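Topology and contacts: notes
Now for the letters of each chain:
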Amino acid sequence: MTSPLQQKIKITGPSMVTANRTWDGVVIYRTAQQGWSANLSDAAIVRTSDEARTLLGEATADDVGAIGPYIAPVELKDGGEIKPGNLREHIRSEGLTIDLLPVPA
Amino acid sequence: MYAYDELDRTLINERVSEFRDQVKRRLSGELTEDEFKMLRLQNGVYLQLHAYMFRVAIPYGTLSSKQLRALARVGRRYDRGYGHFTTRQNIQFNWIKLAELPDALADLAEVGIHAMQTSGNNMRNVTSDQWAGVAPGEVEDPRIWSEILRQHTTLHPEFSFLPRKFKIAITASEHDRAAIKVHDIGLRLYKNAEGETGFEVLVGGGLGRTPFIGKTIKPFVHGRDILSYVEAILRVYNQYGRRDNIYKARIKILVHELGIEKFAREVDEEWKQMGDVGLTLDHSVIEEVRSRFSYPAYEKLPHMPDELKQAAHDPLFERWRGNSVFPHKVQGYSIVTISLKPVGAPPGDATSDQMDAVADLADRYSFGEIRVGHEQNLCLPHVAKRDLPQLWKALDRIGLATPNVNLVTDIIACPGLDYCSLANARSIPIAQELTRRFANHDTAELIGRLHINISGCINACGHHHVGHIGILGVEKNGEEFYQITIGGRADEGAQMGTLIGPAIPYAEVADVIEDIVEAYLALRDRPEELFVDAVKRLGVEPFKERVYATR
Ligand code: HEM
Ligand code: SF4
């Protein structure tokens, strides 16, 4: 498998690095404090491809803590709020878009 | 029901402790993800969008009530209280923690269930007709043969490191409920003119990126020779199969590139050269496996018991009976399909409470046995007709008496973008919206048999190519779009659907499907003409016109 770091990295807007937590699979975001958080609002935001590469490099180095880190787009709202940049990330961050099973009568 | 022997049990338990050790080493950092990935996939563990997904095999779709309760418990204890029955007679749990997986596997091992052969480039769970052993007119129980193949291929080196995953399905009935024409190998059990039992062997079927209908490679292989013949196919595949390109690695591509005649010749050549490699099945071996399938002690019951005559006055019961109850080979008994497609719910999902309740009903009314079919429904295979009214009431109480089997709301759908990391677009919300649009059972009955199949990407886990109406999620500039095909089918007349035109945005899919159905109702030449038959007669043009004229 090619490591994510060997792939060409090019970002076109504000981005973050996300992965799943190894022990339970929960969606996590790389923070600026070289850790992980389950809240998108804690994510480190990168704006250049070099920054993205560095952040992904740090994230990938933590193979015990996280599985499958990659760069994904975010949307920055006026108040600085971080929103997922696409539907996939929206679903990862907000959860299923479906109701679970109806509770039987 | 099938009784596992000691060897199976030992093997399953060894796998659990092996995996426990591997997980421990992964969590401590001793194993990297790269090293661990193969190992977890061998135990049915994938990574999805939100969490790990755990896929558990239900060999040939047969479960005991005890096993179903164990699945319910796994859902409750380690997941979020539900599971998803798949098109390959497996069940998937969507929220399992890696750290707890060994415990879940151990709980399942106690009832003889495991996750082997549910992922990786090996021989997958051999699937079969969910009515095996009870369908009227069946040649014999095809699960005997599924089991013989399962035993031979589980962890066998020739089958463990194939160029790509490999799937076999078996049917023993005229009507194919196992979709054998879209499997790598499809086996149809029948009796030849001499009265011998054997198989028509099909090869090279499959869906995904490059869909193919399987082709007959040999019209008759005697039952005793089936292992050696399958082995010959696998050897030719192992020799030629493309390991360099995963998109070309399936046997269907090989069959397509060599041509079925050449492929058949190669297999025959290999088969001859192999000679007797100890794979010819002794009568006693077949009988030994046969003896491990036990059948209930059926009673002698009337064809039309009083309970049924009385209940016939209730139109709601009659509707359900007419839709979900099927003839059994033994007089006085029925096969009951339990629809896992209630209006508005994700197709194929069942809560742990529902699983427990179905297990109880199976104990009371179906000799403790449950089946899982590729349409993502459950089935109680041995229900005495006199018990049907009671069973119906009980199913209704747990939300499982929706009379929509084989109707427009009996939708097959993959997890799609709500769960799956490979998805382009969502599948489940589309299915949910369609079930609401067609929630009126009178309308659904008027429309008649119509299978809608939805996949969230080209991998085709939702069998969209062979849906009477197929819906495939694609992505266009970051938006969800859907390609619609019509006229596909998965049974003995299997055929790929035809694309009707440009992809349609998410919000319009349900409208488009309604348009197609309305066009069919207007165009069919009589009420008995099924949707697929109307498409066959008319072609896609009139439907296309209806959909795109105003868009
Ligand atoms: C979310 C986890 C899943 C992942 C990552 C996944 C992945 C895949 C992939 C990559 C393929 C294509 C393989 C190939 O062409 O060689 C495939 C095929 C298939 N999957 Fe899944 N799948 C998932 C869930 C499911 C579910 C839930 C079902 C049943 C509802 C299912 C049923 C199938 C079937 C029947 C095929 C075979 C299609 C064929 O004949 O090529 N899968 N899956
Ligand atoms: S068809 Fe695609 S989206 Fe659906 S489950 Fe399979 S891989 Fe995932």
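Residues numbered from 1 in each chain as written. Chains lettered and ligands numbered in written order. Predicted model: local features only at pLDDT ≥ 70, side-chain atom pairs only at ≥ 80, totals over all residues. Heavy atoms only, no water.

1. Quick notes on the overall build of chain A
The helix and strand inventory of chain A stands at two helices and five strands. Going from N to C terminus, chain A has its helices and strands arranged as β-β-β-α-β-β-α. Looking at the 105 residues of chain A, the share that counts as buried comes to 37%. Summarising the internal contacts of chain A: among those between residues at least 6 apart in sequence, 58% fall at separations of at least 24. Carbon and sulfur atoms provide 51% of the accessible area of chain A, an area that totals close to 5,600 Å². (Helix = DSSP H or I, 4+ residues; strand = E, 2+ residues; numbered from the N terminus. Buried < 20%, exposed > 50% of the residue type's maximum accessible area, 1.4 Å probe, protein only. Contact = heavy atoms within 4.5 Å. Areas by Shrake-Rupley, 256 points an atom, 1.4 Å probe, with all protein chains shown as cover.)

2. Focus on the coordination of the iron atom of ligand 1
Coordination of the iron atom of ligand 1 by the protein involves just one donor, Cys461(B) (SG), at a distance of 2.2 Å. Positionally, Cys461(B) belongs in the loop between strand S17 (452-455) and strand S18 (469-476). (Donors = N, O, S within 2.8 Å, 3.2 Å for Na, K, Ca; no water.)

3. Observations regarding the sheet that holds strand S3 (residues 36-37) of chain A
All names here are of chain A. Pairing is antiparallel in the open sheet, where five strands are placed in the order S3-S2-S1-S4-S5. The sheet terminates laterally at S3 and strand S5 (82-84), the two strands that pair on one side only. The pairing of strand S4 (residues 66-76) with S5 spans three bridges and is antiparallel. Counted as the bridge partner of Leu 76 is Ile 82 from S5. Packed on one face of the sheet, helix H2 (residues 87-94) meets strand S1 (15-21), strand S2 (27-30), S4 and S5 and runs near 50° to S1. (Pairing = 2+ DSSP bridges. Axes fitted to C-alpha atoms, helices over the stretch in contact; angles between N-to-C directions.)

4. Things to note about the site of ligand 1
Residues and elements named next belong to chain B. In the neighbourhood of ligand 1, 25 residues make up the surrounding shell, with Gln 48, Lys 165, Leu 207, Arg 250 and Cys 461 lying closest. Between ligand 1 and Leu 207, the relevant distance is 2.8 Å, taken from an oxygen atom to a main-chain nitrogen or oxygen of the residue. Of the residues assigned to the shell around ligand 1, the class counts are eight nonpolar, ten polar and seven charged. (Near = heavy atom within 4 Å. Polar contact = N/O pair within 3.5 Å; in protein donor to acceptor, adjacent residues only side chain to side chain. Nonpolar A, V, L, I, M, F, W, Y, C, P; charged D, E, K, R; others polar.)

5. Here's the deal with the packing of helix H12 (residues 315-324) of chain B against helix H14 (residues 388-397) of chain B
Between two packed helices, what matters for the description is the angle formed by their axes and the separation of those axes. Residue and element names in this part refer to chain B. Axis separation between H12 and H14 bottoms out at 11 Å; the angle between their running directions is 95°. Accordingly, the angle class assigned to the pair H12 and H14 is roughly perpendicular. Counting all contacts with H12, which are made through Leu 316, Phe 317 and Trp 320, the residues of H14 involved are Leu 388, Pro 389, Leu 391, Trp 392 and Leu 395. Taken together, the residues of the contact of H12 with H14 break down into eight nonpolar, no polar and no charged. (Parallel < 35°, antiparallel > 145°, perpendicular 65-115°, else oblique.)

6. A short note on the site of ligand 2
In the vicinity of ligand 2, the contacting residues are Cys414(B), Pro415(B), Gly416(B), Cys420(B), Leu422(B), Ala423(B), Ser455(B), Gly456(B), Cys457(B), Asn459(B), Ala460(B) and Cys461(B). Taken together, the residues of the shell around ligand 2 break down into eight nonpolar, four polar and no charged.

7. Thoughts on the interface of chain B and chain A
Listed by partner, the interface residues are 41 residues for chain B and 27 residues for chain A. For the pair chain B and chain A, the two sides together bury roughly 2,600 Å², of which 65% comes from carbon and sulfur. Considering only the side of chain B, the residues that lose the most area to chain A are Arg26(B), Leu49(B) and His50(B), jointly responsible for 20% of the buried surface there. Between chain B and chain A we count one salt bridge in total. Across the salt bridge formed by Asp63(A) and Arg26(B), the nearest N and O atoms sit 3.3 Å from each other. (Buried area = accessible area lost by both parts, 1.4 Å probe. Salt bridge = Lys/Arg side-chain N within 4 Å of Asp/Glu carboxyl O.)

8. Some thoughts on the nonpolar core
All names here are of chain B. Core analysis: the biggest nonpolar cluster contains 62 residues, and Phe 54, Leu 71, Phe 85 and Trp 320 have the highest contact counts within it. Residues contacting Phe 85, with those up to four places away along its chain left out, are Ile 58, Leu 68, Asn 90, Ile 91, Leu 340, Gly 348, Ala 350, Met 355, Val 372, Gln 376 and Leu 378. If you look at the next biggest cluster of nonpolar residues, it comprises 40 residues, including Ile 148, Ala 172, Val 201 and Ile 251. (Core = buried A, V, L, I, M, F, W, Y, C linked by side-chain atoms within 4.5 Å.)

9. Details of the pairing of S4(A)
Residue and element names in this part refer to chain A. Two elements, S1 and S4, share six bridges in a ladder whose sense is antiparallel. Paired with Arg 21 across the strands is Ala 66, a residue of S4. Where S4 folds back on S5, the antiparallel hairpin that results is connected by five residues, among which Gly 80 adopts a positive phi of roughly 90°.

10. Examining the domain arrangement of chain B
Residues and elements named next belong to chain B. Once the domains are mapped, chain B shows domain 1 (6-109), domain 2 (142-291), domain 3 (306-397) and domain 4 (412-548). Domain 2 and domain 4 are separated by 31 Å when their C-alpha centres are compared. With 13 residues of domain 2 at the contact, the number on the domain 4 side is twelve residues. Taken together, domain 2 and domain 4 are joined by zero salt bridges. Taken together, domain 2 and domain 4 are joined by five residue pairs in polar contact (both at pLDDT 80 or more). (Domains from an automatic or database assignment.)

11. Focus on the pattern of salt bridges
Residues and elements named next belong to chain B. Tallied over the entire structure, the rule returns 51 salt bridges over all chains. In this structure, the salt-bridge partner of Arg 426 is Glu 480, at a minimum N-O distance of 2.8 Å. Taken together, the residues span a long stretch of sequence, with Arg 426 in the loop between strand S16 (412-413) and helix H15 (428-437) and Glu 480 in strand S19 (residues 479-486) at a distance of 54 residues. The pair Arg 426 / Glu 480 is uniform in exposure class, with both members buried. Beyond isolated ion pairs, a larger network of salt bridges with shared partners links Glu 433, Arg 436, Arg 437, Asp 511 and Glu 514.

12. Describing the environment of Leu55(A)
All names here are of chain A. Relative to the helices and strands, Leu 55 is located in helix H1 (residues 49-61). For Leu 55, a relative accessible area of 7% puts it in the buried group. As for Leu 55 and Thr 18, which are separated by 37 residues in sequence, their C-alpha atoms are 10 Å apart. Excluding anything up to four places from it in sequence, Leu 55 contacts Val 17, Arg 30, Thr 31, Ala 44 and Val 46.

13. Side note on the packing of aromatic side chains
All names here are of chain B. All chains considered together, the criterion is met by 16 aromatic pairs over all chains. With 5.8 Å between their ring centres and 55° between their planes, Tyr 60 and Phe 293 make a pair best called tilted. Taken together, the positions of Tyr 60 in the loop between strand S2 (52-57) and strand S3 (62-64) and Phe 293 in the loop between helix H10 (283-291) and helix H11 (306-311) put the pair 233 residues apart, joining distant regions of the chain. You'll find Tyr 60 and Phe 293 in the same group, each marked buried. An angle of 80° between the planes, with centres 6.0 Å apart, marks the rings of Tyr 298 and Phe 367 as edge-to-face. Pair noted here: Tyr 298 is in the loop between H10 and H11 and Phe 367 is in the loop between helix H13 (352-365) and strand S14 (369-372), with a separation of 69 residues, a long-range link. The partly exposed category is assigned to Tyr 298, whose relative accessible area is 22%. Note on Phe 367: relative accessible area 39%, which makes it partly exposed. (Phe/Tyr/Trp six-rings, centres within 6.5 Å; stacked < 30°, edge-to-face > 60°.)

14. Structural notes on the sheet that holds strand S7 (residues 168-171) of chain B
Residues and elements named next belong to chain B. Judged by pairing direction, the sheet is mixed, and its five strands sit side by side in the order S6-S7-S8-S9-S10 without closing on themselves. Each of the sheet's edge strands pairs with one partner strand only, and the pair in question is strand S6 (127-128) and strand S10 (215-222). Where S6 meets S7, two bridges bridge the pair, whose relative direction is parallel. Note on S7: the bridge partner recorded for Thr 127 is Ala 169. Sheet strands touched by helix H5 (residues 143-153): S6, S7, strand S8 (185-191) and strand S9 (197-203). Its angle to S7, the strand with the most contacts, is close to 155°.

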